[in-house]
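Chain by chain, the residues:
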Amino acid sequence: MEELAKRDAMAKSRDPIILPSGGCSECGSNKLIKDHERAELICINCGLVIKERLMDMGPEWRAFDSEQKEKRARVGAPITYTLHDKGLSTLIDWRNTDSYGNDFTPRRRAQLYRLRKWQRRIRVADATERNLALALSELDRMSSHLSLPRNVKESAALLYRKAVEKRLIRGRSIEGVAAAALYAACRRYKVPRTLNEIAEVAHVTKGKKEIGRSYRFICRELKISIPPTNPITYIPRFTSELNLSGEVQAKAIQILKEAAKKGLTSGRGPTGVAAAALYIASVMLNERRTQIDVARVSKVTEVTVRNRYKELVQKLELDIPI
Amino acid sequence: MESAEPSITIQNVVASVDLGTKIDLILVSKQLEKAEYTPEQFPGVIVRLKEPKAAFLIFSTGKMVCTGGKSEEDVYEAVNTMVDMLNEIGVGITQEPQITIQNMVASASLGVEINLEVASFALDNVIYEPEQFPGVIYRMRDPKVVLLLFGSGKLVVAGAKEKEDVYLAVEKVNEELEAIGSLRTR
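Below you will find a few notes about this structure. Computed from a predicted structure; not experimentally measured.

1. Focus on the pattern of salt bridges
In this structure the tally under the stated criterion is 10 salt bridges over all chains. Linking Arg141 of chain A and Glu138 of chain A is a salt bridge whose minimum nitrogen-to-oxygen distance equals 2.7 Å. With Arg141 of chain A and Glu138 of chain A both in helix α4 (residues 127-145) and 3 residues apart, the pair spans about one turn of that helix. On the accessibility criterion, Glu138 of chain A (11% relative accessible area) is buried. Residue Glu36 of chain B is joined to Arg48 of chain B by a salt bridge in which the shortest nitrogen-to-oxygen separation is 3.2 Å.

Following this line, the structure appears as structure tokens:
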């Protein structure tokens, strides 16, 4: 109930922030919310308005297209962990004009050409930074291969930086730890990519084994606990890869929930279970895909699909028309 | 729920043995028919015994490793046989061999199924990666052993130094799993 009220309040205000500090003076709850439309600070628990006329920290100008935005903004792009200098570098402009728009003398132009060249050379200061740049470009390459969203990439870069800070890379390959960080970030954001898929795009000699080892190591050392992959997270992806309808997807998720309740997923590979559930759902709703097709998109063997399928049908007492 | 007494079988006992004298490995490899010795690959002589079934790695420093014994008694017996064999071919072992059990591996079954998801959340020091390995890896602090728990209710105990550790660990993990409600009769 409380959870629902909270979500409701979050949906209403434009940019809600739950403040952990302070607390409500009436009920003591520390679940406060900033309502930017009304400029008020409200307690979610009892509804008391704690502060009125909040300061708006946003820009004082408005922009309606990118051109206006470019003109009015006085700041650069936000910092990002995916670049070795967090995107905070100063660059010598490529234009050969001064701030008034006048052309430089040929001598000055030659000087700037040289300065630019040197800036490019010294941008990466030392070996540590060079390694970081290498790892981050590797992360970038892998995540674009796997078409991963930016938040995952950002999170992976942050994990990698933390690993560097704690000197966890020592004795491990840069590529391996980068791949492990990417895998961890995928798991964290519930964007399902299997270790196999990551190992395929990573330039790691010992492949899956090394990445898995590095993954466990950084998880332990950085004290992050990631719950085991839920087979349900794979369902949307497999559904669309098999061109199945939304009903099939819903049915498969329902089957998986049931299976999880009965403990049928414990100790089973999440991709295999997901594949079998999707296969059953497709058969039940007359949109049948062959086991071979299902196995291909989920990258498990047909035998696995068959075995998981038998288990699920038997234990859930499903009525399969064939 | 009163669960049946878990069945435990010790599968492997590894012990290190100090014989107290340097050993001429070439002599051993020539005299003993069963000896395997390829110095390029491994610096020790490998000898496999049939009765009791055990394998020995013999090093020139006079130390041996005995693996594959099914019990502590097996290991002692095997070491005695081995020492006799060495003495027969002229390796003078005068001291009583120093035997230290280094590792014991046992398999056990709780007789009930384990819900691994619940176990992986509720226990400390566990790894559960169904993508990579179907079991939960549980590093117990006291006794210091590693347990592999499987959904079927079977488990493997590794890293124990004594028989008592194995029994204690199985008993303890059974209690812990029952306390967090991750056990279920088939």
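Back to the text.
2. A word on the packing of aromatic side chains
The geometry of an aromatic ring pair is captured by two quantities: the separation of the ring centres and the angle between the planes. All names here are of chain A. Overall, the coordinates contain 5 aromatic pairs over all chains when judged by the stated rule. For the ring pair Tyr183 and Tyr215, a centre distance of 4.8 Å and an interplane angle of 75° mean the geometry is edge-to-face. Of this pair, Tyr183 sits in helix α6 (residues 174-188) while Tyr215 sits in helix α8 (residues 207-221), placing them 32 residues apart in sequence. Residue Tyr183 shares its accessibility class with Tyr215, and that shared class is buried. Ring geometry for Tyr234 versus Phe238: centroids 5.6 Å apart, planes at 15°, classification stacked. You can call Tyr234 buried: its relative accessible area is 1%.

3. Looking at the sheet that holds strand β2 (residues 45-49) of chain B
Residue and element names in this part refer to chain B. Spatial ordering of the open sheet is given by β2-β3-β4-β1-β5-β10-β9-β8-β7, a layout of 9 strands whose pairing is antiparallel. Two strands in the sheet have a free side with no partner beyond their single neighbour: β2 and β7 (126-128). For this sheet, the mean angle separating the axes of adjacent strands, direction not counted, is 15°.

Here is what the cut-offs are and how they apply
- Residues numbered from 1 in each chain as written.
- Chains lettered and ligands numbered in written order.
- Predicted model: local features only at pLDDT ≥ 70, side-chain atom pairs only at ≥ 80, totals over all residues.
- Heavy atoms only, no water.
- Salt bridge = Lys/Arg side-chain N within 4 Å of Asp/Glu carboxyl O.
- Helix = DSSP H or I, 4+ residues; strand = E, 2+ residues; numbered from the N terminus.
- Buried < 20%, exposed > 50% of the residue type's maximum accessible area, 1.4 Å probe, protein only.
- Phe/Tyr/Trp six-rings, centres within 6.5 Å; stacked < 30°, edge-to-face > 60°.
- Pairing = 2+ DSSP bridges.
- Axes fitted to C-alpha atoms, helices over the stretch in contact; angles between N-to-C directions.

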